[in-house]
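Letter by letter, the chains look like this.
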Amino acid sequence: MRKLTYYIACTIDGFIGDPEGDATSMFTFLDPQYVGFMAAEYPETIPTQGRGPLGIDADNKHFDTVIQGLGSYQLALDIGVTSPYGHLREIVATRSLAESPDPNVELIADDLVGRVRELKAEDSPLDIWLCGGSTIAGELIEEIDELIIKTYPQVYGSGMPMFGADFEPRDFELGAVRTFDNGVLVRTYTRKR
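As the structure is a prediction and not an experimental result, all values here were calculated from the model.

Draft legend 1. View of the layout of surface pockets. By volume, the second largest pocket amounts to about 180 Å³. Taken together, Ile141, Leu147, Phe163, Ala165, Asp166, Phe167, Glu168, Pro169, Arg170 and Phe172 form the lining of the second largest pocket. Looking at the lining of the second largest pocket, its residues break down into seven nonpolar, no polar and three charged.

Structural data, given as structure tokens:
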């Protein structure tokens, strides 16, 4: 069974963006050491358009599919990119778009949980990356098997939380922890079931 991994950037206080979802303030921490780590360890999470300029010509190491909400996908559409992760199978959860703007992008309007369960049952050595955002993570919270949280040394005070879900404690076990000179902390957690 494949895993669904929520690989996400957030602030110290757990926000993935400001109240509108903008997280550009986190870009200041993209220094050579940290970007080098991401490119080497999670190359498939670098958008297709950024891979060439960063010298990334690597096979996918962890994921072959990405799931994101329209808010995350819209960032690419706004700059004219219809397939930001063309090196992956792309799924966008949305009720707003009627037709996919790209043949590589599958739109799903209903039963996202059912679609994720189908994906998890597929025979593949690679897993599924939940890219964001908050609403989608909240909807899929029971399907998430692993968290990879890239915590940036910022406090927002308010904004878009990691999960848009009702209160219910869910336990995860801490795995690998990696720290960087710029203050970024990358933690991996596995769901306790």
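Draft legend 2. Representation of helix H4 (residues 112-121) within the structure. Restricting attention to buried positions, one finds in H4 the residues Leu112, Gly114, Arg115, Val116, Leu119 and Lys120. Looking at the buried residues of H4, the elements they touch are strand S1 (4-11), strand S3 (63-69), strand S4 (89-93), strand S5 (105-108), strand S6 (127-132) and helix H5 (134-139).

Draft legend 3. View of the packing of aromatic side chains. Here the structure, examined in full by the defined rule, presents ten aromatic pairs. Ring centres 5.8 Å apart and planes at 90 degrees place the aromatic pair Tyr34 and Tyr152 in the edge-to-face group. With Tyr34 in helix H1 (residues 32-41) and Tyr152 in strand S7 (residues 146-152), this pair connects stretches of sequence that are 118 residues apart. When the ring of Phe63 is compared with that of Trp129, the centres are 6.3 Å apart and the planes differ by 25 degrees; the resulting orientation is stacked. In this pair, Phe63 is assigned in strand S3 and Trp129 in strand S6, connecting sequence segments 66 residues apart.

Reading guide: rules and limits
Residues numbered from 1 in each chain as written. Predicted model: local features only at pLDDT ≥ 70, side-chain atom pairs only at ≥ 80, totals over all residues. Heavy atoms only, no water. 1 Å grid on protein atoms, 1.4 Å probe; cavity = no way out; pocket = protein on both sides within 12 Å on 5 of 7 lines; lining within 4 Å. Points joined across faces, edges and corners; volume = space filled by probe spheres on them. Nonpolar A, V, L, I, M, F, W, Y, C, P; charged D, E, K, R; others polar. Buried < 20%, exposed > 50% of the residue type's maximum accessible area, 1.4 Å probe, protein only. Helix = DSSP H or I, 4+ residues; strand = E, 2+ residues; numbered from the N terminus. Contact = heavy atoms within 4.5 Å. Phe/Tyr/Trp six-rings, centres within 6.5 Å; stacked < 30°, edge-to-face > 60°.

Geometric values such as these leave the question of function open.
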